[in-house]
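Inside the fold
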Amino acid sequence: MSGVTAAERLLMSLGISQPNEIDLDAIAWHVGALVKYRHIDNADATIIGSLTHAVIAVNTSTSPARRRFSLAHELGHWHHHRGQILFCGASDIGNLAGGPLDPERQADAFASDLILPSYLIRPYINKLKKLTLAFVRDVANEFNTSTTATLIKILNEDRFPILLVCHGKNKRRWFRRAQMVPDWWFPREDLDADSFAFGILHAGNGEDTFPRKNGAGAWFEFRNVDRYEVLEQSFPLPNDEVLTVLTVPEEGLG
Ligand SMILES: [Zn+2]
């Protein structure tokens with residue numbers, strides 16, 4: 001957790017104190033950007049701007065949560081990369097495989113802080129004992145965001161000893177680890193048949209309704225891995241991917 005970010009400062013300067021007050025069109029107008037919604041070929045959103053004004057176009061052929069994140073992403077470009085013309089495709093916005101210096105990741109970080117600001121999400125998670133997908137969905141509804149974006153923000157808050165691991169049919173696509181979890185909890189590249197996520201990805205099973213215990217060996221390879229159990233809860237993503245929330249046991253944090 002760091003100090004207040006630029007996106008959060010912007011929200012605070014507008015007096016925003018509730019998730020439903022984060023009106024991105026109004027915020028865009030406030031910072032000099034006009035937003036248009038229309039069908040766009042080959043991009044989820046675009047921005048064309050001078051140094052003072054910009055026009056942002058958001059593709060209406062995507063889901064409401066996706067449109068919202070895409071608009072916030074373009075506002076991130078407006079903040080960080082003013083004066084440029086950018087066409088942001090599906091693989092640019094919210095692509096978790098990129099490095100932190102990638103301009104697309106800077107725009108994503110701004111977007112995450114704008115639609116899920118820490119100062120509004122902390123009151124939700126600070127009183128929470130155990131993280132479940134049902135809870136994450138409730139928060140996502142409050143903030144009008146996707147489950148994945150909400151999970152990443154919660155992970156970054158570093159209140160729960162969790163990892164997020166995304167697998168495609170062939171291998172791991174990306175993962176994130178809360179800061180409190182030691183580096184040796186490094187998830188395996190392959191998806192083990194002993195993981196519950198395996199059934200979701202390969203047998204079309206529905207999502208896990210609650211976190212379940214599993215041997216840590218289904219997810220990690222390190223010496224004495226069999227001593228540990230993790231909590232596992234997964235749900236299917238579009239494009240034949242599965243996302244898993246893994247909770248590391250207390251004794252594994254030393
Ligand atoms: Zn972009």
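Structural data are supplied above this passage.
Residues numbered from 1 in each chain as written. Predicted model: local features only at pLDDT ≥ 70, side-chain atom pairs only at ≥ 80, totals over all residues.

1. Examining the environment of Ala 216
- In this structure, Ala 216 sits in the loop between strand E7 (212–215) and strand E8 (229–237).
- A C-alpha to C-alpha distance of 49 Å links Ala 216 and Ala 54, two positions 162 residues apart in sequence. (Helix = DSSP H or I, 4+ residues; strand = E, 2+ residues; numbered from the N terminus.)

2. Remarks on the sheet that holds strand E1 (residues 33–38)
- A sheet is described by the order of its strands in space; here 4 strands give the open sequence E1-E3-E2-E4, paired in mixed fashion. Looking along the sheet, the strands with just one partner apiece sit at the ends: E1 and strand E4 (86–88). Within this sheet the neighbouring strands show an average axis-to-axis angle of 15°, counted without direction.
- Here strand E2 (residues 45–49) pairs with E4 via 3 bridges, running antiparallel. By the bridge assignment, Ala 45 is partnered in E4 with Cys 88.
- Against the sheet, helix H3 (residues 64–80) makes contact with E1, E2, strand E3 (54–59) and E4, and its axis sits at roughly 30° relative to E2, the strand it touches most. (Pairing = 2+ DSSP bridges. Axes fitted to C-alpha atoms, helices over the stretch in contact; angles between N-to-C directions. Contact = placed C-beta atoms within 7 Å.)

3. Some details on the packing of H3 against helix H4 (residues 103–115)
- Between H3 and H4, whose axes approach to 7 Å, the crossing angle comes to 115°. The handedness of the crossing between H3 and H4 is right-handed. The residues of H4 that touch H3, namely those facing Arg 68, Phe 69, Ala 72, His 73, Leu 75, Gly 76, His 77, His 79 and His 80, are Pro 103, Gln 106, Ala 107, Asp 108, Phe 110, Ala 111, Leu 114 and Ile 115.
- In terms of residue class, the contact of H3 with H4 is built from 9 nonpolar, 6 polar and 2 charged. (Left-handed = near helix turned anticlockwise from the far one by under 90°. Nonpolar A, V, L, I, M, F, W, Y, C, P; charged D, E, K, R; others polar.)

4. Focus: the environment of Pro 117
- By the element assignment, Pro 117 lies in the loop between H4 and helix H5 (118–125).
- Measuring from C-alpha to C-alpha, the distance between Pro 117 and Ser 91 comes to 24 Å, with 26 residues separating the pair along the chain.
- Residues in contact with Pro 117, not counting those within four places in the same chain, are Ala 7, Glu 8 and Leu 11.

5. Digging into the nonpolar core
- Counting 61 residues, the largest nonpolar core has Ile 56, Leu 71, Leu 75 and Leu 164 as its most contacted members.
- Per-domain counts for this core show at least three residues from each of domain 1 (6–118) and domain 2 (161–252).
- Setting aside residues up to four positions removed in sequence, Ile 56 forms contacts with Ala 28, Ala 33, Val 35, Ala 45, Ile 47, Leu 71 and Glu 74. (Core = buried A, V, L, I, M, F, W, Y, C linked by C-beta atoms within 7 Å. Buried ≥ 20, exposed ≤ 12 C-beta atoms within 10 Å, placed from the backbone. Domains from an automatic or database assignment.)

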